[in-house]
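# Coordinate inspection notes
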Amino acid sequence: MAKQVIAVIGGSGKQGGGVVDALLASGKFTVRVVSRDPVGAAAKALNKRGVEVIRGDLLEAPSLRLPFEGAYGAFVVTNFWDPAQMRRETEIGAAAVKAARSFGVEHLVWSTLPDCERITGGRLKVAHYTGKARVDAVVEAAGFRRHTFVQAPMYFQNFLSMNSPQPLRNGGRGWAVPMDPAARVMHSGDPTEVGRAVAAAFAAGDKLPNGSHLAICGGVYSWNDFVSTLSTQGHKLQVVRVEPPEAYDSFFPGAQEMREMYQYYEQHTYFGPEHEKRTAAANALVPGGFTAFADWAKVHMKPT
């Protein structure tokens, strides 16, 4: 019997790449990656691993016909930080979801985040959360035989990029944050491990309740926890609180959204009011759970 085909949008990113890895490791599916460049070096590398690469563009929903046709399942993730998607994330995500349904996908896994605007009654908007969350209703209304929501954590990898330690005004290095550094509210993890939950969801089929939310993380941390862990591993870093929080808005372009995000964390946690149920669902589905920060940092953040 031929293996079911799973189409992966975003197969070159952290989440999508992790989905490809986990699906291949399971040995249960034929993996199809949607790419704007199906003959480039990255596509050839995937081909060597047994992945089918088909041209398609998330920004052009009609181009997804060939990738989605004949696929049992599809994993869809958008990228707010891509300038071409940033202000159109809801529109692009909704169009991809509708394309998946119209082209025959039976089980859709949509990578989403909590609706900060709804949770906070409109006080905090956080576009890179809310833009994804607004697609959830489209997924629910589309009429897939099965649909599953996954929620990625605050990326550990951000400590190597946008959250890397910076010089502080007191002469040290670390982080200035517009929230209580002791608040243990940040569900964090390695986003490549989202793939473990996605592959398990496809494999579980009807055994997983339809419409399940799977929140993936290696632990719940405070800024003090991050600093303490890194200190034991030989780093010399610290965290300071920015007060009033609004002073953070002038630190860099886009800082206001980050400030509202941190305030949302402090008030509602990263995964929001239903975090316990959703993280428990992911942990129950994936034996062994997910990598903790101390273990990840030991490998990826060497003291300098």
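Residues numbered from 1 in each chain as written. Predicted model: local features only at pLDDT ≥ 70, side-chain atom pairs only at ≥ 80, totals over all residues. Heavy atoms only, no water.

## Topic: helix α4 (residues 89-102)
The first and last C-alpha atoms of α4 sit 20 Å apart over 14 residues, in line with the 20 Å expected at 1.5 Å per residue. In the core, the buried residues of α4 are packed alongside α3 (65-68), β4 (73-76), β5 (107-112), α6 (127-133) and α7 (136-142). Residue G104 follows α4 closely and has a positive phi angle near 105°. (Helix = DSSP H or I, 4+ residues; strand = E, 2+ residues; numbered from the N terminus. Expected span 1.5 Å × (residues − 1). Contact = heavy atoms within 4.5 Å.)

## A closer look at the pattern of salt bridges
Under the definition given, this model contains 17 salt bridges. A salt bridge links R88 to E91, with the nearest nitrogen and oxygen atoms 3.0 Å apart. Between R145 and E106 there is a salt bridge, with its nearest N and O atoms 3.1 Å apart. Separated by 39 residues along the polypeptide, R145 in the loop between α7 and β6 (146-151) and E106 in the loop between α4 and β5 bring together distant segments of the chain. Owing to a relative accessible area of 46%, R145 belongs among the partly exposed residues under this scheme. The structure contains a network of salt bridges with shared partners spanning E106, R145, R146 and D206. (Salt bridge = Lys/Arg side-chain N within 4 Å of Asp/Glu carboxyl O. Buried < 20%, exposed > 50% of the residue type's maximum accessible area, 1.4 Å probe, protein only.)

## Considerations on the sheet that holds strand β12 (residues 219-221)
As summarised here, the arrangement of the three strands in space is β7-β10-β12, forming an open sheet in which the pairing is mixed. For this open sheet the edge positions go to β7 (154-155) and β12, each flanked by a neighbour on one side alone. Bridge analysis of β7 against strand β10 (residues 186-189) gives two bridges, and the strand direction is parallel. Among the inter-strand pairings, Y155 is bridged to a residue of β10, identified as G189. (Pairing = 2+ DSSP bridges.)

## Side note on helix α8 (residues 194-204)
The buried fraction of α8 is high, at nine of eleven residues. Among the residues making up α8, those that are buried are V194, G195, A197, V198, A199, A200, A201, F202 and A204. Positive phi shows up at G205, right after α8, with a value of about 55°.

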